[in-house]
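Close look at the chain arrangement
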Amino acid sequence: LYAPIVLRRALTGSSELFDWRRAMVDGGVDRRDVTISQLSGPGGTVVVAWRLVRAWPARWSGPSFHADATGVAQEEIELRFDDLIWLDDPAEAAGG
């Protein structure tokens, strides 16, 4: 069994990650293959990628709101999964 993976990103107008978790909380079963790509830098090329097989969101959290905060609001999702595949060809990360 693999340890869960926690991903963080700047909060956007998309509720896709929240909705995925909400569906699971409501009793749905929605497992997905998720690809994580490491880029060479901002806007760069994929240098390594991994695929989480049959992943599901175990936890989602949104930003903490503080009146004096100056940072970027972030969301966080914890993914659990059945298997992990190291993609030898980074082009696989883009579906190529």
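Cut-off values and rules
- Residues numbered from 1 in each chain as written.
- Predicted model: local features only at pLDDT ≥ 70, side-chain atom pairs only at ≥ 80, totals over all residues.
- Heavy atoms only, no water.
- 1 Å grid on protein atoms, 1.4 Å probe; cavity = no way out; pocket = protein on both sides within 12 Å on 5 of 7 lines; lining within 4 Å.
- Points joined across faces, edges and corners; volume = space filled by probe spheres on them.
- Helix = DSSP H or I, 4+ residues; strand = E, 2+ residues; numbered from the N terminus.
- Nonpolar A, V, L, I, M, F, W, Y, C, P; charged D, E, K, R; others polar.
- Buried < 20%, exposed > 50% of the residue type's maximum accessible area, 1.4 Å probe, protein only.
- Contact = heavy atoms within 4.5 Å.
- Polar contact = N/O pair within 3.5 Å; in protein donor to acceptor, adjacent residues only side chain to side chain.

Describing the layout of surface pockets
Unoccupied space between atoms shows up once a probe the size of one water molecule is rolled over them. Quantified by volume, the largest pocket comes out at close to 280 Å³. If you trace the largest pocket, you find 14 residues lining it, with Leu7, Arg9, Leu17, Trp20 and Val34 closest to the centre. For the lining of the largest pocket, the secondary-structure elements that each account for two or more residues are strand E1 (5-10), helix H1 (16-25), strand E2 (32-39) and strand E4 (74-80). Looking at the lining of the largest pocket residue by residue, the classes come out as six nonpolar, one polar and seven charged.

Observations concerning unusual backbone geometry
The backbone phi angle of arginine 54 is positive, close to 55°, even though this residue is not glycine. Here arginine 54 lies in strand E3 (residues 46-61). With a relative accessible area of 42%, arginine 54 lands in the partly exposed category.

Thoughts on the environment of isoleucine 77
By the element assignment, isoleucine 77 lies in strand E4. Note: C-alpha distance between isoleucine 77 and proline 4 (73 residues apart in sequence) is 9.9 Å. Ignoring any residue separated from it by four or fewer positions in sequence, one finds isoleucine 77 in contact with Ile5, Val6, Leu7, Leu17, Trp20, Pro57, Arg59 and Trp60.

As for the side chain of glutamate 75
Counting through the fold element by element, glutamate 75 comes out in strand E4. For glutamate 75, a relative accessible area of 2% puts it in the buried group. Polar contacts involving the side chain of glutamate 75 include one to the side chain of arginine 9, which spans 2.6 Å. In this structure the side chain of glutamate 75 is engaged in a polar contact, spanning 2.8 Å, whose partner is the side chain of tryptophan 60. Contacts of glutamate 75, omitting those with residues within four sequence positions, involve Leu7, Arg8, Arg9, Leu11, Leu17, Trp60, Ser61 and Gly62.

Treat this as a map of the structure, not an account of what it does.
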